[in-house]
Amino acid sequence: MAGNVTPEKIMELAMGFGGAKVLLSAVEFGLFTELAKGPRDAEGLRAALGLHPRAHRDFLDTLVALGMLEREDGLYRNTEATDLFLDRAKPSYVGGLLEMANARLYPHWGRLSTALKTGKPQNESGGDNNAFDSLYAEPARLKQFLAAMTGASMGAARAIAEVFPWDRYKTMIDIGTAQGCLPVQVALRHKHISGGGFDLAAVRPVFEDYVGSFGLSDCLHFHTGDFFREALPSADVLVMGHILHDWNLDEKRMLLKKAHDALPEGGALIVYESLIDDERRTNVRGLIMSLNMLIETPGGFDYTGADCRGWMAEAGFRESYVTPLTGKDSMVVGIK
Ligand SMILES: C[S@@+](CC[C@H](N)C(=O)[O-])C[C@H]1O[C@@H](n2cnc3c(N)ncnc32)[C@H](O)[C@@H]1O
């Protein structure tokens, strides 16, 4: 029996950071955007991306071996998935998240051991501040973060536009909306829905640009506000995507209470995240997201659907249910 046990799985997992960094560097260099224009040989790509000749073939062939590129007769091309999701020129681009992962999360995760020992965030906030103050202190970082949120949320936003019973409602406001990925996906699919997004003042121009690029400026509006200082705006449906996981338990409860106060009778709150499975055994992405909140925030953590339904009941929601969306994401719906 013992002869069949190998260290393969352990080694693959432990050395997985190498593959992750190769992909993140490829996104940083715009490799997939370059190949979306047509197949290229190794030398053409080396010149286009400005790479040193020592390792460009290893770099490109690692991406072939990882299933991120194809190579035939010496010519490299995108796979169907990398062409759709990693070409910056396509609206389906999800590389915003990967650009942020490359620039920020990768170095910050190098200090995971310190975070686990101290319980303190390891990002540019340098400790106990509100994570968003330091994140938004530089305009370029603000834009990169908000675009990253669109990359992270596109799959869930499309699924929510499809599976939630929007025909029962007329208005919707996305709380902590970032660029407005979710309201845009809902408005594109459901012409009878109007509303918009609520977020900090610094986010307004980025939201307005993004919504305008879809021709939706007439039906989706930006509401400026700070959800710790003010009441939430009212609508038939309020949405919180990747909001509750940023904050500690008291703050989570307070935000749910504010959402309950702002909804009309019969209104709905949609909370979506990479929910951890109730048994806390299988959703690796949800658990890693929670560790990412350790790296990024003073008190944030991810949670299970059962946790969220319990907090919703405490806040006064009369019923709630969990619906899986895509991959790692699920939504919890609370009805007032
Ligand atoms: C993790 S992002 C989630 C963005 C988006 N909902 C999504 O799922 O892609 C958190 C959002 O909350 C916003 N936010 C943070 N603190 C806030 C506050 N005090 N009041 C309002 N919005 C806030 C941030 O600006 C950011 O857009």
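Keep in mind that what you see is a predicted model, and the values were worked out from it rather than measured.

A. Here's a closer look at the overall build of the protein chain. Looking only at helices and strands, the protein chain has 15 helices and 10 strands in total. Taking 20 Å as the expected radius of gyration for a compact globule of 336 residues, we find that the protein chain reaches 21 Å, a close match to that expectation. The dimensions of the protein chain, computed from C-alpha atoms along their principal axes, are 65 × 55 × 40 Å. Counting all 336 residues of the protein chain, 49% fall into the buried class. Side-chain charges in the protein chain split into 35 positive and 44 negative, and the spacing between the mean points of these groups amounts to 1 Å.

B. Here's a closer look at the site of the ligand. Close to the ligand lie 21 residues; Tyr136, Ser153, Gly176, Asp199 and His242 are nearest. Between Phe227 and the ligand, the recorded distance is 2.9 Å, taken from a backbone N or O atom to a nitrogen atom. Tyr272 places a polar side-chain atom, nitrogen or oxygen, 3.3 Å from an oxygen atom of the ligand. Look at the ligand: alone it shows 600 Å² of surface, and the protein chains cover 97% of it. Listed by contribution, the elements that provide at least two residues to the shell around the ligand are helix H10 (139-163) and strand E5 (194-199). Considering every element that reaches the shell around the ligand, the biggest residue donor is H10, with 3 residues.

C. Looking closely at the nonpolar core. The biggest cluster of nonpolar side chains holds 71 residues, and the ones touching the most others in it are Phe164, Met240, Leu269 and Val271. With 10 residues, H10 is the single largest residue contributor to this core. Val271 has contacts with Met240, Leu244, Leu256, Tyr303, Cys308, Met312, Ser330, Met331 and Val332, leaving out every residue within four places of it along the chain. One finds Ala26, Phe32, Phe59 and Leu86 within the second-largest nonpolar core, a separate group that totals 17 residues.

D. Up close: the packing of aromatic side chains. By the definition in use, this model includes 14 aromatic pairs. An aromatic cluster is built from Phe132, Tyr136, Phe145, Phe227, Phe228 and Trp247, whose rings are joined through pairwise contacts. Against the face of Tyr106 rests Lys21, its NZ or CZ located 5.7 Å from the ring centre. The ring of Phe301 has Lys252 lying over it, and the distance from NZ or CZ to the ring centre is 3.6 Å.

E. Expanded view of the side chain of Gln185. Within the fold, Gln185 resides in helix H11 (residues 181-189). Taking relative accessible area as the criterion, Gln185 reaches 11% and is therefore assigned buried. Sequence-distant contacts of Gln185, defined by excluding residues within four places in its chain, comprise Met154, Ala157, Arg158 and Ala161.

F. A look at the sheet that holds strand E1 (residues 40-41). On the basis of which strands lie adjacent, the open sheet formed by 3 strands has the order E1-E3-E2 and antiparallel pairing. One side of each edge strand has no neighbouring strand; the edge strands of this open sheet are E1 and strand E2 (69-72). Across 2 bridges, E1 lies against strand E3 (residues 75-78) in antiparallel orientation. Opposite Arg40, over in E3, you have Tyr76 as the bridge partner. Most of the contacts of helix H5 (residues 56-65) go to E2, to which it runs at about 110 degrees, and overall it touches E2 and E3.

G. Layout of the pairing of strand E9 (residues 319-324). Sheet topology note: the E9/strand E10 (residues 330-335) ladder contains 6 bridges and is antiparallel. Looking across to E10, one finds that Pro324 is bridged to Ser330. Remark: 5 residues form the turn of the hairpin made by E9 and E10, two consecutive strands paired antiparallel; Gly327 in that turn has positive phi of roughly 50 degrees.

H. Seen up close, the sheet that holds E9. A sheet is described by the order of its strands in space; here 7 strands give the open sequence E6-E5-E4-E7-E8-E10-E9, paired in mixed fashion. Looking along the sheet, the strands with just one partner apiece sit at the ends: strand E6 (220-224) and E9. Mean inter-strand twist for the sheet, computed between neighbouring axes without regard to direction, equals 20 degrees. By the bridge criterion, 5 bridges tie E5 to E6 in an arrangement that is parallel. Considered in E6, the bridge of Phe198 is made with His223. Each of E5 and E6 touches helix H12 (residues 204-212); the most contacted strand, E6, lies at about 175 degrees to it. Against the sheet, helix H13 (residues 249-262) makes contact with strand E7 (237-241) and strand E8 (268-273), and its axis sits at roughly 160 degrees relative to E7, the strand it touches most.

About the criteria used
Counting restarts for each chain: residues are numbered from 1 in the order of the written sequence. Residue-level local features of this predicted model are given only where pLDDT is at least 70; pairs of side-chain atoms are given and counted only at 80 or more, and the full residue set underlies all totals for whole chains, interfaces and linings. Side-chain numbers here rest on the full set of heavy atoms in the structure, without hydrogens or water. Only DSSP runs of H or I with at least four residues qualify as helices, and only runs of E with at least two residues qualify as strands; both kinds are numbered from the N terminus onward. We take the radius of gyration over the C-alpha atoms and set the globule estimate at 2.2 Å times the residue count to the 0.38 power. Only protein chains enter the accessibility calculation, which uses a 1.4 Å probe; a residue whose area is less than 20% of its type maximum is buried, one above 50% is exposed, and one in between is partly exposed. In this tally, Asp and Glu contribute negative charge and Lys and Arg positive charge; neither His nor the terminal groups of the chain are included. Here the site of a charge means NZ on Lys, CZ on Arg, CG on Asp, or CD on Glu. We call a residue near a molecule or strand when any one of its heavy atoms sits within 4 Å of it. Two N or O atoms form a polar contact when they lie within 3.5 Å of each other; inside protein one atom must be a possible hydrogen donor and the other a possible acceptor, and for residues adjacent in sequence the pair counts only when both atoms belong to side chains. Here the accessible surface of atoms and residues is derived via Shrake-Rupley with a 1.4 Å probe, and residues count as covered only by protein chains that are part of the display. By convention a nonpolar core is built from buried Ala, Val, Leu, Ile, Met, Phe, Trp, Tyr and Cys residues, the set being connected through side-chain atoms within 4.5 Å. Note on contacts: a residue pair is in contact if any heavy atoms of the two residues lie within 4.5 Å. Two rings from Phe, Tyr or Trp (for Trp, the six-membered ring) form a pair when their centres are within 6.5 Å of each other. A pair whose planes differ by under 30 degrees is stacked, one over 60 is edge-to-face, and the rest are tilted. The rule for a charge over a ring is simple: NZ of Lys or CZ of Arg within 6 Å of the ring centre, and within 35 degrees of the ring normal. Pairing between two strands is assigned when DSSP locates at least 2 bridges connecting them. Lines are fitted to the C-alpha atoms to define the axes, a helix being fitted only along its stretch in contact, and any angle between axes, read from their N-to-C directions, falls within 0 to 180 degrees.

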